[in-house]
Amino acid sequence: MNVKKAAFAERLKNILLVVLVLSTILLLYFLWSDGTGVAFRVPGTNDATVETIPVEAVLYPERIVVNFGAENYTVPAETVSLWYGAAGSDAPSFMNGLKKFFATDNIAVGAISKEDFLDVMRARSVRADFSFAIPLAEFCSEFNLPRPAPLSTVDVFTCAAYSEASPESLFLCDNPGERYYRLAAENEAGFRELIDFIETLGNASYYPLRTFSGVENDTMLPLGADEVPRNLSYVRSIDPGDEERVNEMTRAFFGKRFDFTRKITEGDGTTVYMYGYGEKVLVIHRDGSFEYSAADSDRSGTTSFFGALTTALAFAASHGESGARDAVSKQIYLKDVQTIFTDGLRTYRFSFGLKLDGYPVYYPNSEPVVIEVTGRQARYYKRDMIDGLPRESGGANASAARAYTPFELLTEHFAYIYGVLSAREIAAPLEDASDGERMFERVAEMVTDLSPGFLRPAEAEAYAASDARDAPIGGRDLPPIWMLTVAGVDFYFDLYTGAPVGYGG
């Protein structure tokens, strides 16, 4: 009997030991899962789960150019509703036009020359331009558009256009690849209503640069600013000196426990957090920007353009870009996409721009948000975000009644622009440096964009320019500017005086 009791006691002890070990493992799993799991958490919101940013919120044309005929153009400041359609409205939109056209039977696809494409665009027309290439097949799948078999000949597109010069046609183009396509149907394409609708909106008039300069350049220039932006200030989203806020943000990347995290403070004020043996690294710079990188853990294959974008948006939403609006309407948008191949793996690098009150904020040498996605993993994240603050108009600039005439930026500052391009070896020095007419023509030929917005100066310049008496605590000015792009270099000019205030790119 005693033997049986001893055996039973031994067995019970073994069972209790197994239960204890399993409980310990489960407890450690739950404690460590914040740092190693795939779930993302939002800093500063008590680890609440948030909805991801929808693709439609960030992916839309950089510009929509409308030709009403007889060289009468407009470039609407707001493009999202014209592309997707306004919520609850039956007004015409580009996407509705695409859906109807792609559902048409017997669509024929043929390549055309760039000259033919530009020629038909001189008639009454509408054209939507993106700043990056979009895979057509994935685009149709993402937005539930019919995809007729002939469209398989078109790989990517950067613009979609319609012209009344060929009313039964839709045009797609891949500008970097210099490929242009005409998609012809049996009936009218159905974008005429969109042009008529935009004409009723009363947008500002634009004209091709060749109209002013005599140089063959179709870049659109406004006669003035549609609506002069307010003077705004900003504060850094992350203050490196705010220990509580920094800890919140760090937990969003590493979890609540720091058992396996090392902290290194460098001489210039940069702080580096490292998880494990470098599996995850977070670098917080003294200007409030930060970079996060993770070692590849999912090398199971490649993902699609929209699959990678969805991963990037989910990661961004879980680390501060939830789309919440502050005192000033703030929104990120997809600005550029690069594809990188390393060791047979495809990485998408998404660069996001920032708009305040609908106007872009130009960063001279960086971007507000950059995310790299490999497979199903966000492996790199850089954030240099700001929070906009309303500010009453004041100072000499804000008292100006009208914006500086855009074309006069060229006539007044072409020598300055050419000097910068020459120093960067983008433009060759002229044989006769006094030949102002030739210098102006060369600059005008290389203009690719001009638009209003705000300038986010470099941190050192912002500190020097800040007036502590009327700026919010930690605040810096966001001056309203004209941004003129020439040969890939962005030149910034005061919106009111036209004075140069820097360049980048």
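What you see is a predicted model, and the numbers here were worked out from it, not measured in a lab.

**Here's the deal with unusual backbone geometry**
Consideration 1: Despite not being glycine, Asn106 has its phi angle at roughly 60°, a positive value.
Consideration 2: Here Asn106 shows up in the loop between helix H3 (94-102) and strand E3 (108-112).
Consideration 3: For Asn106, a relative accessible area of 57% corresponds to the exposed category.
Consideration 4: Even without glycine at this site, Asp357 takes up a positive phi of about 55°.
Consideration 5: Structurally, the position occupied by Asp357 is in the loop between strand E16 (345-356) and strand E17 (359-362).

**Some details on the side chain of Arg124**
Consideration 1: Looking at the secondary structure, you find Arg124 in the loop between helix H4 (114-120) and strand E4 (125-135).
Consideration 2: For Arg124, the side chain forms a polar contact with the main-chain oxygen of Phe68, separated by 3.2 Å.
Consideration 3: In this view, Arg124 contacts Asn67, Phe68, Gly69, Ser163, Glu164, Ile195, Asp196 and Glu199; residues no more than four positions away in its chain are not counted.

**Here we look at the environment of Asn365**
Consideration 1: For Asn365, the position within the fold is in the loop between E17 and strand E18 (369-374).
Consideration 2: A relative accessible area of 69% means that Asn365 is categorised as exposed.
Consideration 3: With 93 residues separating them in the primary sequence, Asn365 and Ala458 have C-alpha atoms 8.2 Å apart.
Consideration 4: Not counting residues up to four positions away in its chain, the partners in contact with Asn365 are Gly504 and Gly505.

**Side note on the pattern of salt bridges**
Consideration 1: Taken as a whole, this structure holds 18 salt bridges when the rule is applied.
Consideration 2: For Asp174, the salt bridge is made with Arg179, and the minimal N-O distance between the two is 3.6 Å.
Consideration 3: Members of the salt-bridge network, linked through shared partners, are Arg124, Glu164, Glu188, Arg192, Asp196 and Glu199.

**Focus: the sheet that holds strand E9 (residues 220-222)**
Consideration 1: Pairing in this open sheet of nine strands is antiparallel, and the strands run E3-E7-E6-E5-E4-E1-E2-E8-E9 from one edge to the other. Looking at the sheet topology across the chains shown, the edges are occupied by E3 and E9.
Consideration 2: With two bridges joining them, strand E2 (residues 73-74) and strand E8 (residues 205-208) adopt antiparallel strand pairing. Bridge pairing in E8 links Tyr73 to Tyr206.
Consideration 3: Seen against the sheet, helix H6 (residues 192-199) touches strand E1 (63-67), E2, E4 and strand E5 (156-163) and runs at an angle of roughly 105° to E4.

**Description of the confidence of the model for the chain**
Consideration 1: Overall, the prediction assigns the chain a mean pLDDT of 82, with 79% of residues at 70 or greater.
Consideration 2: Segment residues 24-47 is flagged for pLDDT under 50; beyond a separation of four residues in sequence, or across chains, it makes 36 contacts in the model.
Consideration 3: Low pLDDT, under 50, characterises residues 392-400; the stretch is placed with eight contacts to residues that sit more than four places away or in other chains.

**Structural notes on helix H9 (residues 305-317)**
Consideration 1: In a regular helix each residue adds 1.5 Å, so 13 residues correspond to 18 Å; H9 covers 18 Å between its end C-alpha atoms and thus fits that length.
Consideration 2: Most of H9 sits inside the fold, with ten of its 13 residues counted as buried.
Consideration 3: Along H9, the positions that sit buried rather than exposed are Phe305, Phe306, Ala308, Leu309, Thr311, Ala312, Leu313, Phe315, Ala316 and Ala317.

**Topic: the environment of Ala123**
Consideration 1: Structurally, Ala123 can be placed in the loop between H4 and E4.
Consideration 2: Given the relative accessible area of 23%, Ala123 is considered partly exposed.
Consideration 3: When the C-alpha positions of Ala123 and Phe68 are compared, they lie 7.7 Å apart, and in sequence the two are 55 residues distant.
Consideration 4: Ala123 has contacts with Asn67, Ser163 and Ala165, leaving out every residue within four places of it along the chain.

**As for the packing of aromatic side chains**
Consideration 1: Going through the model one piece at a time under the given rule, you end up with 35 aromatic pairs.
Consideration 2: Judged by centre distance (6.3 Å) and plane angle (50°), the ring pair of Phe253 and Phe315 falls under tilted. With Phe253 in helix H8 (residues 243-254) and Phe315 in helix H9, this residue pair connects regions lying 62 residues apart in the sequence.
Consideration 3: Among the residues examined, Phe253 registers a relative accessible area of 4% and is labelled buried.
Consideration 4: For Phe315, a relative accessible area of 3% puts it in the buried group.
Consideration 5: Where Phe315 meets Tyr381, the ring centres are 5.2 Å apart and the plane angle is 85°; that geometry is what we call edge-to-face.

**Here's the deal with the side chain of Thr271**
Consideration 1: Along the chain, Thr271 falls in strand E12 (residues 271-275).
Consideration 2: Thr271 sits in the buried class, given a relative accessible area of 14%.
Consideration 3: Here Thr271 is in contact with Lys263, Ile264, Thr265, Leu282, Val283 and Ile284, once residues within four sequence places are set aside.

**Digging into the pairing of E5**
Consideration 1: Counted residue by residue, E5 has eight buried out of eight residues, so it is predominantly covered.
Consideration 2: Where E5 meets strand E6 (residues 169-174), three bridges bridge the pair, whose relative direction is antiparallel. Considered in E6, the bridge of Cys159 is made with Cys173.
Consideration 3: Here E5 folds back onto E6 in antiparallel fashion, the turn holding five residues.

**Quick notes on the nonpolar core**
Consideration 1: Counting residues in each nonpolar core, the largest one holds 86 residues, and the members touching the most others are Leu59, Leu98, Phe139, Leu309, Phe350 and Phe352.
Consideration 2: At nine residues, H9 tops the list of elements feeding residues into this core.
Consideration 3: Each residue touching Leu98, except ones within four places of it in the same chain, is listed here: Trp83, Phe139, Leu145, Leu170 and Phe191.
Consideration 4: Counting 29 residues, the second-largest nonpolar core is a separate cluster that includes Leu484, Val486, Phe491 and Phe493.

**Let's talk about the state of the cysteines**
Consideration 1: Counted under the stated rule, the structure contains one disulfide.
Consideration 2: Disulfide pairing places Cys159 opposite Cys173 at an S-S distance of 1.7 Å. Residues Cys159 and Cys173 are joined by a disulfide whose S-S torsion is about 130°; by sign, that bridge is right-handed. Of the two residues, Cys159 is situated in strand E5 and Cys173 in strand E6; the sequence distance between them amounts to 14 residues. Exposure class is identical for Cys159 and Cys173. Each is buried.

Rules of the game
- Residues numbered from 1 in each chain as written.
- Predicted model: local features only at pLDDT ≥ 70, side-chain atom pairs only at ≥ 80, totals over all residues.
- Heavy atoms only, no water.
- Helix = DSSP H or I, 4+ residues; strand = E, 2+ residues; numbered from the N terminus.
- Buried < 20%, exposed > 50% of the residue type's maximum accessible area, 1.4 Å probe, protein only.
- Polar contact = N/O pair within 3.5 Å; in protein donor to acceptor, adjacent residues only side chain to side chain.
- Contact = heavy atoms within 4.5 Å.
- Salt bridge = Lys/Arg side-chain N within 4 Å of Asp/Glu carboxyl O.
- Pairing = 2+ DSSP bridges.
- Axes fitted to C-alpha atoms, helices over the stretch in contact; angles between N-to-C directions.
- pLDDT = per-residue confidence, 0-100.
- Expected span 1.5 Å × (residues − 1).
- Phe/Tyr/Trp six-rings, centres within 6.5 Å; stacked < 30°, edge-to-face > 60°.
- Core = buried A, V, L, I, M, F, W, Y, C linked by side-chain atoms within 4.5 Å.
- Disulfide = S-S within 2.5 Å.

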